[in-house]
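Understanding the architecture of this molecule
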Amino acid sequence: MSEELLQQLAVCVERGKVNQASPYPPDMKGQDGADELTRKALDQGVSPNDVLEKALIIGMGNIGKKFSANQVFVPDVLMAAKAMTAAMGHLKPFLDSGQVKTRGTFVIGTVQGDLHDIGKNLVCMVMEGGGWKVVYLGVDVSPEKFLAAVQANPGAAVGLSALLTTTMVNMEKTVKLIKGEVPGTKVVVGGAPLTQEFATKIGADAYSPDPQGALDYLNINVAA
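Residues numbered from 1 in each chain as written. Predicted model: local features only at pLDDT ≥ 70, side-chain atom pairs only at ≥ 80, totals over all residues. Heavy atoms only, no water.

**Focus: the sheet that holds strand β4 (residues 187-190)**
Spatially, five strands are ordered β2-β1-β3-β4-β5 in an open sheet, and the strand pairing comes out parallel. Looking at the sheet topology across the chains shown, the edges are occupied by β2 (133-136) and β5 (206-207). Here strand β1 (residues 105-110) runs beside strand β3 (residues 157-161); their pairing, made up of five bridges, is parallel. Following the sheet pairing, T110 is matched in β3 by S161. Along the sheet face, helix α5 (residues 118-129) touches β1, β2 and β3 and points at about 170 degrees away from the line of β1. The strands touched by helix α6 (residues 143-152) within the sheet are β1 and β3, with β1 carrying the most contacts at an inclination of about 170 degrees. (Pairing = 2+ DSSP bridges. Helix = DSSP H or I, 4+ residues; strand = E, 2+ residues; numbered from the N terminus. Contact = heavy atoms within 4.5 Å. Axes fitted to C-alpha atoms, helices over the stretch in contact; angles between N-to-C directions.)

Right, here's the structure in full:
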């Protein structure tokens, strides 16, 4: 019974079904959503870890892969993230107490001089849905602020975003400072003007054009 419940929950996250009252998606109107199903699973004794690993991560992973393949679009990912957030509300006490183990910590921000954040917000949602603790630094973040966050979260990976060619130089400065002070820190970069060639040139560990690629890289190379 619990396996069936977790499968339903994964579908709710993937489809963006937040709760019973939500009219979206139309074909699931009136059905329980991620909110109710998570509560029900926990009440039936399903472990918080199983809820995260066997439902939420799977649902967000499915929508992330579809987004990478251009089968769904930004609004679909945002709705999935809303459903995931509703479910995570029930898991938060277990996360805070350490009963639910995260896969690692991911520090993310837009580099100094750049104020764009839509793409980065999507990455945050997909990473959280993938079981990572996200430390969100915002936009226009100095290299020193990135470094301080890495030092405050030992073992954290870093995500740097830039959407302006003029700020890409600050991405290079940030990578050099982090790698110089905390060697071994994995740095993933992304943003419209970036390429794999640029990422290699500035010493970043990985480049991804979409959130799922960043998650896949970190799960293989960093996750606990």
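**Regarding the environment of G16**
The residue G16 is located in the loop between α1 (2-15) and α2 (34-43) in this model. Here G16 falls in the buried class, since its relative accessible area comes to 0%. Distance in space between the C-alpha atoms of G16 and L78 is 7.9 Å, their sequence separation being 62 residues. Excluding its chain neighbours within four sequence positions, the residues that come into contact with G16 are Y24, P25, M79, A80 and A83. (Buried < 20%, exposed > 50% of the residue type's maximum accessible area, 1.4 Å probe, protein only.)

**What about α5?**
The first and last C-alpha atoms of α5 sit 17 Å apart over 12 residues, in line with the 16 Å expected at 1.5 Å per residue. Turning to α5, its buried residues number three or more, namely K120, L122, V123, C124, V126, M127 and G129. Against the buried residues of α5 lie α3 (48-68), α4 (74-96), β1, β2, β3 and α9 (211-221). Downstream of α5 by a residue or two, G131 has a phi angle that is positive, lying close to 90 degrees. (Expected span 1.5 Å × (residues − 1).)

**Observations regarding the nonpolar core**
Grouped together as the largest cluster of nonpolar side chains are 47 residues, with contacts concentrated most on L9, V51, L56, F106, M127 and L218. Those elements that place two or more of their residues in this core are α1, α2, α3, α4, β1, α5 and α9. The element contributing the most residues to this core is α4, with nine residues. Those residues in contact with L218, other than ones at most four positions away along the chain, are F106, M127, W132, A157, V188 and A223. V150, V175, V189 and I202 belong to the second-largest nonpolar core, a separate cluster that totals 23 residues. (Core = buried A, V, L, I, M, F, W, Y, C linked by side-chain atoms within 4.5 Å.)

**Topic: unusual backbone geometry**
Looking along the chain, the bond that leaves Y24 and enters P25 is cis, with omega of -10 degrees. Its identity is not glycine, yet N70 carries a phi of approximately 60 degrees, on the positive side. Taking relative accessible area as the criterion, N70 reaches 60% and is therefore assigned exposed. Positive phi, close to 55 degrees, is recorded for D140, a residue that is not glycine. For D140, the position within the fold is in the loop between β2 and α6. For D140, a relative accessible area of 39% translates into the label partly exposed.

**With respect to the layout of surface pockets**
Each pocket or cavity is described by its volume, and for the largest pocket that value is around 430 Å³. In terms of lining residues, the largest pocket is bounded by 24 residues, among which G119, V123, G190, G191 and P209 are the most central. Of all the elements in the fold, those that place two or more residues in the lining of the largest pocket are β1, α5, β3, β4 and α9. Counting residues per element, the lining of the largest pocket draws most heavily on α5, which supplies five residues. For the lining of the largest pocket, the per-class residue count stands at 14 nonpolar, seven polar and three charged. Its boundaries defined by the atoms lining it, the second largest pocket holds a volume of some 320 Å³. The wall of the second largest pocket is formed by L52, M88, G89, K92, L95, D96, T102, E128, G131, W132, K133 and V134. Those elements that provide at least two residues to the lining of the second largest pocket are α4 and β2. Looking at the lining of the second largest pocket residue by residue, the class counts come to five nonpolar, three polar and four charged. (1 Å grid on protein atoms, 1.4 Å probe; cavity = no way out; pocket = protein on both sides within 12 Å on 5 of 7 lines; lining within 4 Å. Points joined across faces, edges and corners; volume = space filled by probe spheres on them. Nonpolar A, V, L, I, M, F, W, Y, C, P; charged D, E, K, R; others polar.)

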